[in-house]
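Fold and contact review
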There are 2 protein chains.
Amino acid sequence: MPRIRHKRLDCSPGCAVEATLELIDGKWKGVILFHLLQGTLRFNALRKLLPNATQRMLTMQLRELEEDGFIHREIYPQVPPKVEYSLTEHGRTLEPVILALKRWGDAHTSFGASGRQAEASAKHEAEAGTH
Amino acid sequence: MPRIRHKRLDCSPGCAVEATLELIDGKWKGVILFHLLQGTLRFNALRKLLPNATQRMLTMQLRELEEDGFIHREIYPQVPPKVEYSLTEHGRTLEPVILALKRWGDAHTSFGASGRQAEASAKHEAEAGTH
DNA sequence: CTGTATCCTTATAGATACTG
DNA sequence: CAGTATCTATAAGGATACAG
């Protein structure tokens, strides 16, 4: 088994928290999911949204998300190739989780609405319903 | 050991998601926070709640949470020693996040609270630890 | 009881080059 | 365009022993 991403978890109550965390853990999964929440994206589009992620990392994270059933990978047999990533229904169930993370980050970290990126984030805020 | 736990993040919108994720990332932080949400706990009590975490790991995770201002460490100068961990106000702001994670885990993984198991996502659990 | 100190293994991540 | 393939570096996590 090439991928043993799911570590052993003891199952005291609260284990569900860790189980969820494991699934969206990984350096870029959170951001990827967040962006896909707003619509289908091509590989290169994601690369632009995550300039610090290497191709390799992006691919790996996408594959893991795909394995976990969160995203769908649509391959168009064309030249040049075109691959689109979108959330599955299962992936959409993560929406409240992602939004909770986003809201907290906005409110309590420097990555929130206090900086230059505030404008770009604002539109997501609107549909999220700030509360 | 300089704490370089916070990796560089690019700041496309959605970075806030990752920023939050980084803070509660770590193998046991989620569970620790969840348990502390319900009240103050001593070191040994936490050990019992996280039987698979080693002392070392538990200590490390607690120290990181303390550094990030999420938990308070109250040391009673006694013999034998007694140390109590509790959430700070800042830590309590994470409550909606933790609860979102918990709820999702309950609904979509087999780690849900005792008595109710998710039906559809039992596929991942083959590897997740029979005990 | 509540930790530290070592030592070791595995996971994660990055750089770079190459390909259908 | 959308990936693989190597290779390497570092970080995370674990086992075990020891200590105030």
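About the criteria used
- Here the residue numbers are simple positions, counted from 1 along each chain's written sequence.
- Whichever chain is written first is A, and whichever ligand is written first is 1; the rest continue in order.
- Local features are withheld for residues below a pLDDT of 70 in this predicted model, meaning they are given only at 70 or higher, and side-chain atom pairs are given and counted only at 80 or more; totals for whole chains, interfaces and linings count all residues.
- Only hydrogens and water are set aside; all other atoms, that is, all heavy atoms of the structure, feed into the side-chain values.
- Source of the domain bounds: an automatic or database domain assignment.
- Whether two residues are in contact is decided by their heavy atoms: any pair within 4.5 Å suffices.
- Buried area, as used here, totals the accessible surface that two parts lose on assembly, with accessibility defined by a 1.4 Å probe and the loss added over both.
- Any carboxyl oxygen of Asp or Glu within 4 Å of a side-chain nitrogen of Lys or Arg constitutes a salt bridge here.
- The term polar contact refers here to a pair of N or O atoms within 3.5 Å; inside protein, the definition further demands a hydrogen-donor-capable atom paired with an acceptor-capable atom, and it admits residues adjacent in sequence only when both atoms are side-chain atoms.
- Comment: axis = line fitted to C-alpha atoms, over the contacting stretch for helices; angle = value between 0 and 180 degrees taken between N-to-C directions.
- By the criteria applied, helices consist of DSSP H or I runs no shorter than four residues and strands consist of E runs no shorter than two, each listed in order from the N terminus.
- The labels follow the angle: roughly parallel below 35 degrees, roughly antiparallel above 145, roughly perpendicular from 65 to 115, and oblique for the rest.
- When accessible area is computed with a 1.4 Å probe and restricted to protein chains, residues below 20% of their type maximum are described as buried, those above 50% as exposed, and intermediate ones as partly exposed.

Under an unreviewed UniProt entry, the name given to chain A is MarR family transcriptional regulator, and the organism recorded is Asaia krungthepensis NRIC 0535.

1. Describing the domain arrangement of chain A
Residue and element names in this part refer to chain A. Looking at the assigned domains, one finds that chain A contains domain 1 (1-92) and domain 2 (94-131). Of the residues lining the interface, 9 residues belong to domain 1; the matching set on domain 2 comes to 11 residues. Summed over both sides, the interface between domain 1 and domain 2 buries roughly 870 Å², with carbon and sulfur atoms accounting for 76% of that surface. Joining domain 1 to domain 2, the criterion identifies 0 salt bridges. Inspection of the region where domain 1 meets domain 2 yields 3 residue pairs in polar contact (both at pLDDT 80 or more).

2. Topic: the packing of helix α6 (residues 95-108) of chain A against helix α1 (residues 15-24) of chain B
Packing of α6 of chain A against α1 of chain B leaves a shortest axis separation of 7 Å and a crossing angle of 90°. Considering the angle they form, α6 of chain A stands roughly perpendicular to α1 of chain B. For the pair α6 of chain A and α1 of chain B, the contacting residues are Ile 98, Leu 101, Lys 102, Trp 104, Gly 105 and Asp 106 of chain A in the first and Ala 16, Val 17, Thr 20, Leu 21, Leu 23 and Ile 24 of chain B in the second.

3. Quick look at the pattern of salt bridges
Residues and elements named next belong to chain A. Per the stated rule, a full pass over the model turns up 8 salt bridges over all chains. Its salt-bridge partner being Lys 102, residue Asp 106 comes within 2.6 Å of it at the nearest N-O pair. Of this pair, Asp 106 and Lys 102 are both found in helix α6, 4 residues apart, which corresponds to roughly one turn of the helix. Across the pair, Lys 102 and Asp 106 agree in class, each one buried.

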